[in-house]
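Structural overview
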Amino acid sequence: GAPYVNGGDIRNTGYEFLISWNDSVNSDFSYGVSATFSHNKNVVTRLANSEGIIHGASNAIAQITAELYRIQVDYPIGYFWGYEMDGIIQNEAEKQAYLDKYFGGDASKSFQGSSIQPGDVMFVDKNGDGKINEADKTMIGDPNPDYTVGLNINLEYKGFDFSLNGYGSFGQQVAKSYRQFSDHPDDNYCTDVYTKYWTGEGTTNRYPRFTHGKHANQAEFSRVWLEDADYFKISRISLGYDLKRALKFLPVQRCHLYVAAQNMFTFTGYSGMDPEVGFGDDHSWVTGIDNGYYPSSRSWQVGLNITF
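Residues numbered from 1 in each chain as written. Predicted model: local features only at pLDDT ≥ 70, side-chain atom pairs only at ≥ 80, totals over all residues. Heavy atoms only, no water.

**Focus on the overall build of the protein chain**
Each helix and strand counted, the protein chain has three helices and 16 strands in total. For 308 residues, the compact-globule formula gives about 19 Å, and the C-alpha radius of gyration of the protein chain, at 26 Å, lies well above that figure. Seen through its C-alpha atoms, the protein chain measures out along the principal axes to roughly 90 × 50 × 40 Å. Looking at the protein chain as a whole, 44% of its 308 residues are labelled buried. (Helix = DSSP H or I, 4+ residues; strand = E, 2+ residues; numbered from the N terminus. Rg over C-alpha atoms; globule rule 2.2 N^0.38 Å. Buried < 20%, exposed > 50% of the residue type's maximum accessible area, 1.4 Å probe, protein only.)

Pasting the structure below:
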């Protein structure tokens, strides 16, 4: 087979700030606070092939879907590639307006064909050629965050100590699907299909009607599959006490008893189990695909540190 090569170049640009403060109010009370804020933008500048693209795999998010991620020159690594959408057709008048805008009123040129009806996705004819095909696909999301933050707080008072650690990411999207195999009613779905999907005029302008079989509304990758996945997590909270303060007869310098909790709180608008999705469909350069990614577990710890 062909040898491995350095297949391309990526340029990362951004900035990072760290601010911290540590102080003692008196001999009994001291505290420290630190926060980080960073921004990074990565762009692929070269690929070692004539096309300038490394294609992603099909069926990554469901068995019916085509390629949805890729590496491409002048774009961020692993970006989401699909169709833009103008929303969901709400009624017959809106259907006709959509057909007139993009297809000269000819329903057969739409993705759904002559069966197009209210509840279907309005795919955007990006290049204006009067039809919807792969040439209309574009960048519709990015799994790489625009900003990341971190927070650390430490307090000490008369032998007691408290610490809190948190971090977050903002500006990224996640491709979410918990369904199995093809788009059939007897396959497994999350219950949110009953509350999110279009069931009549005005019910939603984001999720299409529920359909049977390989339907364009679901099979063609669009914003339907993507969710904003901003989050902030409290990753660790710890409370402790130095028993030496109360039990001075102990033959040690310090006897620190503590209880700690990890992954206590996640603040997010993401509807899945965990917005911190690292799955990349078996590619090291892909992230942000949620097919039921197992969430970080919450744990409690009790510990004793002794210093002689």
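**With respect to the pairing of strand β13 (residues 231-242)**
Counting buried residues in β13 gives nine out of 12 residues, a clear majority hidden from the surface. For strand β10 (residues 160-170) and β13, the ladder comprises 10 bridges, and the chain directions are antiparallel. Following the sheet pairing, S163 is matched in β13 by S238. In terms of strand pairing, β13 meets strand β14 (residues 254-268) through 11 bridges, oriented antiparallel. Within β14, the residue paired with Y231 across the bridge is T268. (Pairing = 2+ DSSP bridges.)

**So, the nonpolar core**
Soluble globular proteins: nonpolar side chains tend toward being buried together. One finds L68, Y69, F80, Y98, F123, F221 and I289 to be the most contacted residues of the largest nonpolar core, which totals 41 residues. Mapped by element, the contributors of at least two residues to this core are β2 (29-47), β4 (69-72), β6 (85-88), α1 (92-103), β7 (121-123) and α3 (216-219). A total of four residues in this core trace back to one element, the largest contributor, which is α1. Ignoring sequence-local partners within four residues, the contact set of Y69 consists of H55, G56, A57, A60, G78, Y79, W81, D281, H283, W285, V286 and I289. Counting residues in hydrophobic clusters, the runner-up holds five residues, among them Y178, A229, Y270 and V277. (Core = buried A, V, L, I, M, F, W, Y, C linked by side-chain atoms within 4.5 Å. Contact = heavy atoms within 4.5 Å.)

**Some points on the sheet that holds strand β9 (residues 147-157)**
Sheet architecture is open: seven strands sit in the order β1-β2-β9-β10-β13-β14-β16, paired in antiparallel fashion. Single-partner strands in this sheet number two, and they are β1 (8-24) and β16 (299-307). Direction aside, neighbouring strands of the sheet carry axes that sit 15 degrees apart on average. (Axes fitted to C-alpha atoms, helices over the stretch in contact; angles between N-to-C directions.)

**Regarding the pattern of salt bridges**
Scanning the model with the defined rule gives 11 salt bridges in all. Here K101 and D86 are joined by a salt bridge, their closest N and O atoms 3.6 Å apart. Separated by 15 residues along the polypeptide, K101 in helix α1 and D86 in strand β6 bring together distant segments of the chain. Here K101 falls in the exposed class, since its relative accessible area comes to 59%. Under the relative-accessibility criterion, D86 is labelled partly exposed at 33%. Through salt bridges that share partners, K176, K196 and E227 make up one connected network. (Salt bridge = Lys/Arg side-chain N within 4 Å of Asp/Glu carboxyl O.)

**Considerations on the sheet that holds strand β5 (residues 79-82)**
The strand order across the open sheet built from four strands is β3-β4-β5-β8, with neighbouring strands paired in antiparallel fashion. With partners counted over all chains shown, the strands left at the sheet margins are β3 (53-55) and β8 (138-141), one partner each. Across the sheet, the mean angle separating the axes of adjacent strands is 50 degrees when strand polarity is ignored. Of the pairings in the sheet, the one linking β4 to β5 comprises two bridges and is antiparallel in character. Bridge assignment links R70 to a residue of β5, and that residue is Y79.

**A look at the packing of aromatic side chains**
One pass over the full model with this rule turns up 18 aromatic pairs. When the centroid spacing of 6.4 Å and the interplanar angle of 65 degrees are considered together, the rings of F29 and Y157 count as edge-to-face. With a gap of 128 residues between them, F29 in strand β2 and Y157 in strand β9 connect regions that are remote in the sequence. Given the relative accessible area of 26%, F29 is considered partly exposed. Positioned over the ring face of Y231 is K233, at 5.8 Å from the centre of the ring. (Phe/Tyr/Trp six-rings, centres within 6.5 Å; stacked < 30°, edge-to-face > 60°. Lys NZ or Arg CZ within 6 Å of the ring centre and 35° of its normal.)

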